[in-house]
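Spelled out from the first residue to the last, the chains are:
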Amino acid sequence: MPDEYDLIAALKEGNAQAFSLIFNAWYRDLVLFAGNCLAQQAACEDIVQSVFLKLWSERATLVIDTSLKSWLLRAVRNACLDEIRHRNVVFEHESYVLSSLRPDDLVDTENYVLYSELQRHLHRALERMPEAYREAFELNRFEGLKYREIAGKLNVSERTVEDRIGKAISFLRKYLREFLVMAGWLVLRYGLW
């Protein structure tokens, strides 16, 4: 691996290869480091990816007064602490809302929470989905367009639209599997939905 100062200089100039070298060298270790603060693997990966996104997007104005390793570790630690603070605020708010409910309101609240969580997971999945699949899926499911209408709008064949929507659904099944298993457990345990 090239000298750290050379990598930082190349990164500041927009050298994608330098960024790839830094990413490949540190990604795994930073995810493991984030795991010291957060138990969820996906959250750790999201945080590390956001740190690398910041590194790339702010590369021209980046000031690294210590080693690159120290900068990355500090950025991940700070992002983890922000996430923990955010979770505490959410937890306190949910606790407050739940404590102010009457017992017969609880089922509706649990349904709402599950629905909100599903919406959040779906939104995140759609952001990670390839654009062509997402566009066809959203036109079909959210705007109610038929395959023929989507094909005309996107200037592709109906078969291509069908294929893209099928791949989008497959992507969503894989991405949402863990959440849907958890939601199914809640449904069985508490009789929700």
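Relevant structure appears above.
Keep in mind it's a predicted model, so treat the numbers as computed, not measured.

A. Representation of the packing of helix α6 (residues 131-141) against helix α7 (residues 147-154) in the model. Taken N-terminus to C-terminus, the directions of α6 and α7 make an angle of 135°; their axes are 10 Å apart at the nearest point. Accordingly, the angle class assigned to the pair α6 and α7 is oblique. For the crossing formed where α6 meets α7, the hand is right-handed. On α7, the residues touching Glu135, Ala136, Leu139 and Asn140 of α6 are Tyr147, Ile150, Lys153 and Leu154. Residues of the contact of α6 with α7, tallied by class, amount to five nonpolar, one polar and two charged.

B. Just the packing of aromatic side chains, in detail. Overall, the coordinates contain six aromatic pairs when judged by the stated rule. A centroid spacing of 6.0 Å and a plane angle of 85° characterise the contact between Phe19 and Phe52, whose relative ring orientation is edge-to-face. A residue pair is termed long-range when its members are at least 10 positions apart, and Phe19 in helix α2 (residues 16-34) and Phe52 in helix α3 (residues 41-57) qualify at 33 residues. Here Phe52 falls in the buried class, since its relative accessible area comes to 1%. Here the aromatic cluster, defined as three or more aromatic residues joined through ring pairs, consists of Phe19, Phe23, Tyr27, Phe52 and Trp56. The ring of Trp56 carries Arg59 above its face, with NZ or CZ at 3.9 Å from the centroid.

Definitions and limits used
- Residues numbered from 1 in each chain as written.
- Predicted model: local features only at pLDDT ≥ 70, side-chain atom pairs only at ≥ 80, totals over all residues.
- Heavy atoms only, no water.
- Axes fitted to C-alpha atoms, helices over the stretch in contact; angles between N-to-C directions.
- Helix = DSSP H or I, 4+ residues; strand = E, 2+ residues; numbered from the N terminus.
- Parallel < 35°, antiparallel > 145°, perpendicular 65-115°, else oblique.
- Left-handed = near helix turned anticlockwise from the far one by under 90°.
- Contact = heavy atoms within 4.5 Å.
- Nonpolar A, V, L, I, M, F, W, Y, C, P; charged D, E, K, R; others polar.
- Phe/Tyr/Trp six-rings, centres within 6.5 Å; stacked < 30°, edge-to-face > 60°.
- Buried < 20%, exposed > 50% of the residue type's maximum accessible area, 1.4 Å probe, protein only.
- Lys NZ or Arg CZ within 6 Å of the ring centre and 35° of its normal.

Everything listed here is a matter of coordinates, which is why it stays silent on function.
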